[in-house]
Amino acid sequence: MSLFDWFADRQKNAPTVRVTQDVEEGDGLWSKCPECGLVVYRKDLVANASVCKGCGHHNRINSEERVALIADPGSFEPLDSSLAPTDPLAFKDRRSYADRLRDSQQSTGLLDAVVTGLCRTSGLPLALGVMDFRFMGGSMGSVVGEKLTRLIETATARRYPVLIVCASGGARMQEGMLSLMQMAKISGALERHRQAELLYLPLLTYPTTGGVTASFAMLGDLILAEPKALIGFAGRRVIEQTLREKLPEGFQTAEYLREHGFVDAIVDRTRLKGTLASLLKLHGCRETVTA
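Nothing here was measured: the structure is a model prediction, and the numbers come from that model. (Residues numbered from 1 in each chain as written. Predicted model: local features only at pLDDT ≥ 70, side-chain atom pairs only at ≥ 80, totals over all residues. Heavy atoms only, no water.)

(A) Representation of the overall build of the chain. Along the chain, the regular secondary structure elements total ten helices and nine strands. Out of the 291 residues belonging to the chain, those deemed buried represent 45%. In the chain, of all internal contacts separated by at least 6 residues, the share reaching a separation of at least 24 is 66%. Of the roughly 15,400 Å² of accessible surface on the chain, a fraction of 53% belongs to carbon and sulfur atoms. (Helix = DSSP H or I, 4+ residues; strand = E, 2+ residues; numbered from the N terminus. Buried < 20%, exposed > 50% of the residue type's maximum accessible area, 1.4 Å probe, protein only. Contact = heavy atoms within 4.5 Å. Areas by Shrake-Rupley, 256 points an atom, 1.4 Å probe, with all protein chains shown as cover.)

(B) The arrangement of the side chain of Thr121 in detail. Within the element layout of this structure, Thr121 appears in strand β4 (residues 114–121). Using a relative accessible area of 0% as the deciding quantity, one classes Thr121 as buried. Within the local environment of Thr121, its side chain forms a polar contact with the backbone oxygen of Ile70, the two atoms lying 2.8 Å apart. Those residues in contact with Thr121 that lie beyond four places of it in its chain are Ile70, Asp72, Leu126, Lys273 and Leu280. (Polar contact = N/O pair within 3.5 Å; in protein donor to acceptor, adjacent residues only side chain to side chain.)

(C) Just the pairing of strand β5 (residues 124–131), in detail. Counting buried positions along β5 gives eight out of eight residues, so the element sits mostly inside the fold. A two-sided burial pattern is seen for β5, the buried positions comprising Leu124, Leu126, Leu128 and Val130 on one face and Pro125, Ala127, Gly129 and Met131 on the other. Linking β4 back to β5 in an antiparallel pair, the connection comprises two residues, with Ser122 at a positive phi of about 55°. Where β5 meets strand β6 (residues 162–168), four bridges bridge the pair, whose relative direction is parallel. The partner of Leu128 across the bridge, within β6, is Leu163. Taken together, β5, helix α5 (residues 142–158) and β6 constitute a β-α-β crossover, and its handedness is right-handed. (Pairing = 2+ DSSP bridges. Right-handed = clockwise from strand over helix to strand, strands pointing away.)

(D) Fine view of the side chain of Ser139. In this structure, Ser139 sits in the loop between β5 and α5. Here the side chain of Ser139 touches Met136 through a polar contact of 2.9 Å, landing on its backbone oxygen. Setting aside anything within four residues of it in sequence, one finds Ser139 in contact with Ala113, Val144, Ser168, Gly170, Ala171 and Arg172.

(E) Spatial organisation of the packing of aromatic side chains. For the structure on display, the rule yields one aromatic pair. Here the aromatic rings of Trp30 and Tyr41 are separated by 4.4 Å at their centres, their planes lie at 20°, and the arrangement is stacked. One end of the pair, Trp30, is in strand β1 (residues 30–32); the other, Tyr41, is in strand β2 (residues 39–41), and eleven residues separate them in sequence. Taking the relative accessible area as the measure of exposure, Trp30 reaches 31% and is therefore partly exposed. Since its relative accessible area comes to 38%, Tyr41 is described here as partly exposed. (Phe/Tyr/Trp six-rings, centres within 6.5 Å; stacked < 30°, edge-to-face > 60°.)

(F) Looking closely at helix α3 (residues 63–70). Burial in α3 covers these residues: Ser63, Arg66, Val67 and Ile70. Seen end-on, α3 carries its buried residues on one side only, within an arc spanning 100°. Exposed residues pointing more than 90 degrees away from the buried face of α3 are listed as Glu64 and Ala68. The elements touched by buried residues of α3 are β4, β5, β6, β7 (200–208) and α10 (272–282). (Arc of directions from axis to C-beta.)

(G) Examining the sheet that holds β4 more closely. Taken in spatial order, the seven strands of this open sheet run β3-β4-β5-β6-β7-β8-β9, and their pairing is mixed. In the strand order of this sheet, the two ends are held by β3 (77–78) and β9 (265–266), each with one partner. In terms of strand pairing, β3 meets β4 through two bridges, oriented antiparallel. The residue bridging Pro78 from the neighbouring strand is Gly117, located in β4. Against the sheet, α3 touches β4, β5, β6 and β7, its axis set at about 165° to β5. With respect to the sheet, α5 is in contact with β4, β5 and β6, its orientation differing from that of β4 by roughly 25°. (Axes fitted to C-alpha atoms, helices over the stretch in contact; angles between N-to-C directions.)

(H) Inspection of the nonpolar core at higher detail. Ranked by internal contacts, the top residues of the largest apolar core, which has 39 residues, are Leu148, Ile164, Leu204, Phe216 and Ile231. Of all the elements in the fold, those that place two or more residues in this core are α4 (97–108), β4, β5, α5, β6, α6 (177–195), β7 and α9 (254–259). It is α5 that provides the largest number of residues to this core, a total of five residues. In this structure, Leu204 is in contact with Cys166, Ala217, Met218, Ile223, Leu224, Ala225, Glu226, Ala229, Ile231 and Val263, ignoring residues within four places of it in sequence. Residues Leu124, Val165, Ala277 and Cys285 belong to the second largest nonpolar core, which totals 21 residues. (Core = buried A, V, L, I, M, F, W, Y, C linked by side-chain atoms within 4.5 Å.)

Structural data, given as structure tokens:
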């Protein structure tokens, strides 16, 4: 047996490492699963789509990583990447809205909470929108609504299917009624897309809540979700106080919603691209589609 074979065999038979104490992640080499405590090399975790091999926990990923998982290499063409938010209400709570926007833009490298573009996945055409929770909790303001509406309208004109990856705390309160208007605007674009007999798929990730759930997240022809994703409109406490009754455990998880008919399929992130290819082909998408 060669030294390489011996080392590979030893790695394969090594016991699973689970720890309860804190793990030093400052050097970026290690990652500890928040669910089962499995400690792995960060590069191995990323190679597995940031899904824990021990328990299947789906770690949160950003929009850039999500696009890389879905789109074929080099195929993603961003749309409306220069659209930036303003502060129409001059809103201020503990901090001004302008300051919050500037901080989020600097920390994420994004202008707002969604990335949109056209791409191919497994060779098939796709209009893709990806929300990024890092930017003010993925909240839906005017720019998010405008970019998603333009994406859907472009997809309708080109007869592309649409996939929107949802990750949001809901409408952005700092824009008031202007943010709530985006619910109707996006929904109207999706209705025109539906009338053109084209496919729309939302993918609900952790978390999908508020006005996003109340609009485009639940308007799909097929509604997909990641395992154990938090999906709902209001928080548990608010609902219990309103209904004056105790709610069942896990009632806002993807699994509970699938059992009760609100979600069509739960798709592991590592199988997402293959699942998308199957669904797109089933609904008539072809690699030879041209703009």
